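Tertiary structure, described
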Amino acid sequence: MLRKLLTQTSSRRLLSSGVPPLFSKSTISPFSSLSSSPEPPSSESPAVEHPGTTISIDRSSLYTPPDHSHESTPDSELVKHLKSIIKFRGGPISVAEYMEEVLTNPKAGFYMNRDVFGAQGDFITSPEVSQMFGEMIGVWTVCLWEQMGRPERVNLVELGPGRGTLMADLLRGTSKFKNFTESLHIHLVECSPALQKLQHQNLKCTDESSSEKKAVSSLAGTPVHWHATLQEVPSGVPTLIIAHEFYDALPVHQFQKSTRGWCEKMVDVGEDSKFRFVLSPQPTPAALYLMKRCTWATPEEREKMEHVEISPKSMDLTQEMAKRIGSDGGGALIIDYGMNAIISDSLQAIRKHKFVNILDDPGSADLSAYVDFPSIKHSAEEASENVSVHGPMTQSQFLGSLGINFRVDALLQNCNDEQAESLRAGYWQLVGDGEAPFWEGPNEQTPIGMGTRYLAMSIVNKNQGIPAPFQ
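Please read these numbers as outputs of a predicted model, since none were measured by experiment.

What follows is about the pairing of strand β11 (residues 261-269). Extensive coverage of β11 is indicated by the burial of eight of its nine residues. Here strand β3 (residues 93-94) pairs with β11 via two bridges, running antiparallel. Bridge assignment links S94 to a residue of β11, and that residue is M266. Of the pairings in the sheet, the one linking strand β10 (residues 253-258) to β11 comprises four bridges and is antiparallel in character. Paired with F255 across the two strands is E264, which belongs to β11. Adjacent in sequence and paired antiparallel, β11 and strand β12 (residues 275-279) are bridged by five residues, among which S273 carries a positive phi angle near 70 degrees.

Have a look at this one:
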């Protein structure tokens, strides 16, 4: 089956004990600043003496700009919105709330109104590197569909489909398998109107009715639906869920160990009107999820923990998926960069392919965090006794076991020199580790392998056995 899939796919397009108390009674002032973000020092001048009196002149608020200075840049609409939330609350907001606003604010969120993918965007994902990635995901879905007994109707769900490139390559690659494609009802979970339009275009959709939420893809004649959340996807039929580089964008809460126990890291506005990190003076709702995550940690992990990053939304989403798979049948494939261990402090901001300060110009950079794969595993197993979890394994192992080596060889038989170079570069980025040793082009374009940095995990209904390639 794997060999048949690989040779028949289209080649049209080539790139507790040991845990300290969570919180103890605070004896210091609320919202103490982190040591990395100290308050500006006082600049009070010496006293000036006059007969009979002493006058203290405070020049701390006086400022004489240098000749070359310019007026400060006015706050963006998103910055104004974030500051208004903090002001209304009378205190800081969680890192998770900051992250969610920065990425998905309806008016100014990073993902909401533009194309952020590819070389001209802010970052590149595996589907944008090579058609082979989406084709291998297609191999995985067909194999699981076979294990499920070839059901006549299946919901194929992708969470955060980006441009729709992965799904387009999957449909092209499986188009020869009519029984499979005719069973599919595609459901794309996407909150960005701009990306929904790109997905509609790249899947070559025609609207079936006046509603933009339902269409038919001419790539395989499959119906396509759009939803804002997974909860909106109809249940009651077997479901295949693909979550590629989706979990890394879900909001995270950050906790730091202090003399008071575990304190949540928050975002506040300093006296200079700039955003800064502070520690919460009292317990926060996310502490319940921290307690749960600590129970899943090993004794060695608990002993070493100074910072912890947790994602309640990831836990809740995983439980929702597991319950659906446990009751309706099917499976989920999760591929993302992360660790098979507890995460300490991984939140990062990327703008135009470069790392920038997390609090700098919110809304202009992508925010993401390492995925906590043990947390996904425990959340799924806790939600349903009818599912089994497999992995994680590296992306290199996953794609290699599904036959990407055979696929690249087949494509190289029918391409020119330029296409061959693109294929080899894309292949290395998907399965390699570090810089490509064969690269002879410009240094700034050297392919960097994602093969070991990205991990793959699968959640399936127990009745279907172990999914490929986790056997």
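There's plenty left to go through after this.
This part takes up helix α9 (residues 287-296). Residue pairs three or four apart in sequence face the same way in an α-helix, which turns once every 3.6 residues. Restricting attention to buried positions, one finds in α9 the residues A287, L290, R293, C294 and W296. Taken down its axis, α9 places every buried residue within 165 degrees of arc, on the same side. In this structure, α9 carries L288 and T295 as exposed residues pointing more than 90 degrees from its buried face.

This next bit is on the nonpolar core. Formed by 51 residues in total, the largest nonpolar core has its most connected members in I137, M167, L170, L171, L203, F398 and L399. The dominant element in this core, judged by the number of residues it contributes, is helix α5 (residues 131-147), at ten residues. Setting aside residues up to four positions removed in sequence, M167 forms contacts with L156, E158, I186, L188 and L203.

Let us now look at the pattern of salt bridges. This model, assessed by the stated rule, comprises twelve salt bridges. Between E100 and K313 there is a salt bridge; the shortest N-O distance is 2.6 Å. Of this pair, E100 sits in helix α3 (residues 95-104) while K313 sits in helix α11 (residues 312-328), and the two are 213 residues apart along the sequence. In this structure, the salt-bridge partner of R407 is E135, at a minimum N-O distance of 2.8 Å. Pair noted here: R407 is in helix α14 (residues 404-412) and E135 is in helix α5, with a separation of 272 residues, a long-range link.

What follows concerns the side chain of S311. Tracing the sequence through the fold places S311 in the loop between β13 (307-310) and α11. Sequence-distant contacts of S311, defined by excluding residues within four places in its chain, comprise L250, P251 and V252.

With that out of the way, let us pick up the environment of I334. Mapped onto the fold, I334 is located in strand β14 (residues 330-339). A residue is classified by how much of its surface remains accessible, and I334, at 0% relative accessible area, is buried. It is 6.2 Å that separates the C-alpha atoms of I334 and S458, two residues lying 124 residues apart in sequence. The residues contacting I334, other than those within four sequence positions of it, are A243, Y247, M321, F373, I376, L455, A456, M457 and I459.

For α3, a buried count of seven out of ten residues is recorded, marking the element as mostly surrounded by other parts of the structure. Taken residue by residue, α3 has V95, A96, Y98, M99, E101, V102 and L103 as its buried positions. In the core, the buried residues of α3 are packed alongside α2 (77-89), β3, β10, β11, β12 and β17 (366-368).

Let's shift gears to the sheet that holds β17. The three strands lie next to each other as β16-β15-β17, forming an open sheet whose pairing is antiparallel. The sheet is open, and its two edges are formed by β16 (354-356) and β17, each paired on a single side. Here the average twist between neighbouring strands, direction ignored, is 40 degrees. Two elements, strand β15 (residues 348-351) and β17, share three bridges in a ladder whose sense is antiparallel. Bridge pairing in β17 places Q348 opposite S368.

Glancing now at the packing of α9 against helix α12 (residues 373-383). As a packed pair, α9 and α12 sit with axes 10 Å apart at the nearest point and diverge in direction by 100 degrees. As far as their axial angle goes, α12 and α9 are roughly perpendicular. Residues K292, R293 and W296 of α9 touch α12, and the partners they reach there are P374, S375, H378, S379 and E382. Tallied by class, residues from the contact of α9 with α12 come to two nonpolar, three polar and three charged.

About the thresholds
- Residues numbered from 1 in each chain as written.
- Predicted model: local features only at pLDDT ≥ 70, side-chain atom pairs only at ≥ 80, totals over all residues.
- Heavy atoms only, no water.
- Buried < 20%, exposed > 50% of the residue type's maximum accessible area, 1.4 Å probe, protein only.
- Helix = DSSP H or I, 4+ residues; strand = E, 2+ residues; numbered from the N terminus.
- Pairing = 2+ DSSP bridges.
- Arc of directions from axis to C-beta.
- Core = buried A, V, L, I, M, F, W, Y, C linked by side-chain atoms within 4.5 Å.
- Contact = heavy atoms within 4.5 Å.
- Salt bridge = Lys/Arg side-chain N within 4 Å of Asp/Glu carboxyl O.
- Axes fitted to C-alpha atoms, helices over the stretch in contact; angles between N-to-C directions.
- Parallel < 35°, antiparallel > 145°, perpendicular 65-115°, else oblique.
- Nonpolar A, V, L, I, M, F, W, Y, C, P; charged D, E, K, R; others polar.

That's the geometry; what it means functionally is another story.
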